[in-house]
Amino acid sequence: MKKTQSKSKFPVSKAEGKRLLHQMQLIRRFEEKSAEVYTETKIRGFLHLYVGEEAVAVGVMQALKEEDYILSTYREHGHALARGMDPGAIMAEMYGKVEGCAMGRGGSMHLFDKNIHFYGGNAIVGGHLPMAVGMALASKKQGKKNVTCCFFGEGAAAEGEFHESMNLAALWDAPVLFLCENNLYAMGTALEYTHSEQQLEKKGPTYGIETATVNGMDLLEVMKAAQKAVDYIRETGKPYFLVCYTYRFRAHSMFDAELYRDKAEVEEWKKQDPIPQFKKYLLKEQLITEKEIASLEEAVEKEVAAAVDFAENGTWEPIEDLCRFVYSENQEP
Amino acid sequence: MSKMKTITYREALKSAIREALQKDERVFLMGEDVGHYGGAFAVSKGLLKEFGPGRIMDVPLSESGFTGAGIGAALAGMRPIVEIMTVNFSLLAMDQIINNAATLLHMSGGQLNVPVVIRMGCGIGRQLAAQHSHSWEPFYAHVPGINVLAVGTHEDARGMLLTALESPDPVILFEYTSMLNLEAEIIEDAGAVDICKAKVRREGIDLSLITYGTGVYKSLEAAEVLSKDGMDIEVIDLRVLRPLDEETFLTSIAKTHKALVVEDAWKSVSISSEISARIMEKAFFELDLPVERLCGVEVPIPYPKHLEDASVPQVQDIVEKVRKILKP
Ligand SMILES: Cc1ncc(C[n+]2csc(CCOP(=O)(O)OP(=O)(O)O)c2C)c(N)n1
């Protein structure tokens, strides 16, 4: 694995440290709970969990501002939570209830919240990359200073849409952050079987795009790299390609028997679990106490339980409304 | 009577792929996750070990690229089976399928035929929401130059691929993922089946129920329910959506004088539109009543179960529709 070495850690205050740990812990427990309710058949369809990759979503989100746009994949619960989407609205969405962030129409793979500029939740690998370029292009045309951040996996980098989007963004100077979460497997197919050049970061410069890599298991490293990327984009108006080396600890989806990787490999990566790592750092720097960690974890449990309650108590959309949202109800453009 | 055996739809598909690989050195399987993962739906599980990576090729997420490569390999003498994980992703490969596979023979004045077989998982009913619940049978059936097969039964799951591989021209197989675990009896030595005729799956005299894909077992089930009410329904499995075998359903209508077409796909510009038009053109005077259709509701398929179920015809919907037609 390629590592970007750095001497100085990204500085965090006590309050910030706690907030960051809280976010990662919330994603972790939310995902574990989702798996649990999935086995109770409350959630159905595909469910792709983010466990292991929390530092990426949380780290990148710190560099983004309210007005920035975010697009993501079907493995997007972590991004949505880190962006501040209500956990109850996400859980209700996965239950298929009206109170969900997309009225239950989308489910786990299609979380949307326009208010926080969270534009999904796309289940076609690579499908959102061209749209990200277009949104950034619009910002540019409108003279806005916001950044469009597009999360995708390394598997998507084999699709034509990745290459077309990189070229277009560079050609048009579109302010996009191409955020590749390289977790080494596209479903069950390892990087070595899908990319002739496995150092994906080499692909950025061929399009003339500023590029960097970062250890995606280290929150502070991700924060630093993301801040640098976003600063660059805001300053120059040009795209940026950031490759985060990370790992998913759980199966690709709930249907995956994980025949393609060794248990030992997973265990090895778990040693780099971003959450205990960050806890250790906070403790060492005396930014948090064991007691505070315990109460933070307790608070997260309550939040997750409240999200489940919210979803449980949600309502089903009446069948008569089936054909809504095919065309706009409000005919104003 | 030949001896019967019980087999799942998945096992039927897999044994056909195995047999094809054993029989013909030119055959190879290429697709996302067909090897190390064991197939997105476990259809090719174990085949990598048995046949090696030369014949069971994991490919990157590049639908247009690898489908085009399959077409190229077919042009140059191989017999690739291209697996597109699901029909939803075939939209990315559509240019290759339609602009290359379907047209080369014609554009080259008959010089270049493309013996490629493309398998796609499809179907609605697993709560996968709008981007993963497409029914593109009508889309592909619209295109001259390709053969479009709907694998609606275990017999066809076992047999269609083998015949498809003998076709000189491109063949698309729609395989229904909701049926993978379903068990059924087929004859012990089941093998290749024809890929040119529709099939009467149940004989009856009161109404011709014309369908394909997941509609076949649903319609047979509905026909059983209706038989208890004294209604004798003929169920026709179209099987081949292009080129369409008209004879089978026209013959049936000459007997029943009533027709209902059932499919999951959206109603407008669908297979049922085509069937209905052909009946009107060729059997108008045989009809006692207008042709009826029961199709997918025209909405992107929503995630929640109750809305998904309401989006496509269920057994009960078929039963009610037939009752309305026959006993108004
Ligand atoms: C165009 C397309 N092809 C195939 C799939 C099926 N599929 C869903 S996720 C996935 C793997 C994607 O891997 P990657 O981009 O690395 O993201 P990760 O799941 O590892 O986060 C595949 C093959 C799909 N959803 N879309």
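Each value, and the rule that gives it
- Residues numbered from 1 in each chain as written.
- Chains lettered and ligands numbered in written order.
- Predicted model: local features only at pLDDT ≥ 70, side-chain atom pairs only at ≥ 80, totals over all residues.
- Heavy atoms only, no water.
- Helix = DSSP H or I, 4+ residues; strand = E, 2+ residues; numbered from the N terminus.
- Rg over C-alpha atoms; globule rule 2.2 N^0.38 Å.
- Lys, Arg positive; Asp, Glu negative; His and termini not counted.
- Charge placed at Lys NZ, Arg CZ, Asp CG, Glu CD.
- Contact = heavy atoms within 4.5 Å.
- Areas by Shrake-Rupley, 256 points an atom, 1.4 Å probe, with all protein chains shown as cover.
- Buried < 20%, exposed > 50% of the residue type's maximum accessible area, 1.4 Å probe, protein only.
- Polar contact = N/O pair within 3.5 Å; in protein donor to acceptor, adjacent residues only side chain to side chain.
- Pairing = 2+ DSSP bridges.
- Axes fitted to C-alpha atoms, helices over the stretch in contact; angles between N-to-C directions.
- Buried area = accessible area lost by both parts, 1.4 Å probe.
- Salt bridge = Lys/Arg side-chain N within 4 Å of Asp/Glu carboxyl O.
- pLDDT = per-residue confidence, 0-100.
- Phe/Tyr/Trp six-rings, centres within 6.5 Å; stacked < 30°, edge-to-face > 60°.
- Lys NZ or Arg CZ within 6 Å of the ring centre and 35° of its normal.
- Near = heavy atom within 4 Å.
- Nonpolar A, V, L, I, M, F, W, Y, C, P; charged D, E, K, R; others polar.
- Expected span 1.5 Å × (residues − 1).

Take the overall build of chain B next. If you tally the helices and strands in chain B, you get twelve helices and 14 strands. For 328 residues, the compact-globule formula gives about 20 Å, and the C-alpha radius of gyration of chain B, at 20 Å, lands near that figure. Along the first, second and third principal axes, the C-alpha set of chain B runs to 60 × 45 × 45 Å. A gap of 2 Å separates the mean positions of the 33 positive and 45 negative side-chain charges of chain B.

For chain A, the count of helices and strands is twelve helices and eight strands. In terms of C-alpha radius of gyration, chain A reaches 19 Å, essentially the compact-globule figure of 20 Å for 333 residues. Considered along the principal axes of its C-alpha atoms, chain A spans approximately 55 × 50 × 40 Å. Long-range contacts, defined as pairs at least 24 residues apart, comprise 77% of the intrachain contacts of chain A with a sequence gap of at least 6. Here chain A has roughly 14,100 Å² of accessible surface; of this, 51% comes from carbon and sulfur atoms. Taking the 40 positively charged and 50 negatively charged side chains of chain A as two groups, their mean positions are separated by 5 Å.

The subject of this paragraph is the side chain of A:N183. Residue and element names in this part refer to chain A. Mapped onto the elements of the fold, N183 is located in the loop between β4 (176-182) and β5 (185-186). A residue is classified by how much of its surface remains accessible, and N183, at 6% relative accessible area, is buried. Polar side-chain contacts of N183 include one of 3.1 Å to the side chain of E53. Setting aside chain neighbours within four positions, we find N183 in contact with E53, R75, E154, T246, Y247 and R248.

Right, let's get into the sheet that holds strand β8 (residues 240-245) of chain A. Residues and elements named next belong to chain A. Spatially, β2-β1-β3-β4-β8-β7 is the arrangement adopted by the six strands of the open sheet, whose pairing is parallel. Unpaired on one side and paired on the other, β2 (118-122) and β7 (210-215) mark the two borders of the sheet. Looking at each pair of strands side by side, their axes are set apart by 15 degrees on average, direction ignored. Two elements, strand β1 (residues 69-73) and strand β3 (residues 148-153), share three bridges in a ladder whose sense is parallel. Bridge pairing in β3 links Y69 to T148. Packing of helix α9 (residues 219-236) onto the sheet brings it into contact with β4, β7 and β8, and relative to β7 it is tilted by some 165 degrees.

Right, let's talk about the interface of chain B and chain A for a bit. Taken together, the 31 residues of chain B in the interface contact 40 residues of chain A. Taking both sides of the interface into account, the surface hidden between chain B and chain A amounts to around 3,000 Å²; carbon and sulfur atoms contribute 67%. Remark: the boundary between chain B and chain A carries zero salt bridges. One can count eleven residue pairs in polar contact (both at pLDDT 80 or more) joining chain B with chain A. Top element by residues in the side of chain B that touches chain A is helix α11 (residues 305-311) of chain B. It accounts for four residues.

Confidence in the prediction for chain A averages 96 pLDDT; 97% of positions are at 70 or higher. Counting contacts from residues 1-6 of chain A, a segment whose pLDDT is below 50, to residues more than four positions away or on other chains yields 13 contacts.

To continue, consider the sheet that holds strand β11 (residues 233-237) of chain B. All names here are of chain B. Within the open sheet, the five strands sit side by side as β9-β11-β10-β13-β14. Their pairing is mixed. The open sheet has two free edges, formed respectively by β9 (199-202) and β14 (292-296), since each of these has just one partner strand. Between one strand axis and the next, the sheet turns by 25 degrees as a mean value, whatever way the strands run. Pairing of strand β10 (residues 207-211) with strand β13 (residues 259-266), which is carried by four bridges, proceeds in the parallel orientation. Bridging from a neighbouring strand, S208 pairs with A259 of β13. Helix-sheet contacts for helix α8 (residues 215-227) involve β9, β10, β11 and β13, and the interaxial angle to β11 is about 175 degrees. Lying on the sheet, helix α10 (residues 271-283) is in contact with β10, β13 and β14; it crosses β13 at an angle near 155 degrees.

Each aromatic ring pair is described using two quantities: the centre-to-centre distance and the angle formed by the ring planes. Residues and elements named next belong to chain A. Across all of its chains, the model carries 14 aromatic pairs over all chains by this definition. An angle of 80 degrees between the planes, with centres 6.4 Å apart, marks the rings of Y185 and Y247 as edge-to-face. Here Y185 is found in strand β5, whereas its partner Y247 is found in the loop between β8 and α10 (263-270), with 62 residues between them in sequence. According to the relative accessible area criterion, Y185 is buried, its value standing at 9%. Where Y247 meets W269, the ring centres are 4.8 Å apart and the plane angle is 5 degrees; that geometry is what we call stacked. Of this pair, Y247 sits in the loop between β8 and α10 while W269 sits in helix α10, and the two are 22 residues apart along the sequence. On the basis of relative accessible area, W269 is assigned to the buried category, the value being 12%. Over the ring of W316 we find K97; its NZ or CZ atom is 4.8 Å from the centre of that ring.

All right, on to the site of the ligand then. As a structural note, the neighbourhood of the ligand is formed by 22 residues, with A:Y74, A:R75, A:A123, A:G155 and B:E63 the closest of them. Residues lining the ligand come from chains A and B. Here A:A123 contributes a backbone N or O atom positioned 2.8 Å from a nitrogen atom of the ligand. Contact distances for the ligand include 2.6 Å between a nitrogen atom and a side-chain N or O atom of B:E63. Taken by itself the ligand offers 580 Å² of open surface, and the protein chains cover 96% of this. A class-by-class count of the residues in the shell around the ligand yields eleven nonpolar, five polar and six charged.

Here the focus is helix α6 (residues 160-172) of chain A. The end-to-end C-alpha separation of α6(A) is 18 Å, in line with the 18 Å expected for 13 residues at 1.5 Å each. Directly after α6(A), the chain includes A:D173, whose backbone phi takes a positive value near 50 degrees.

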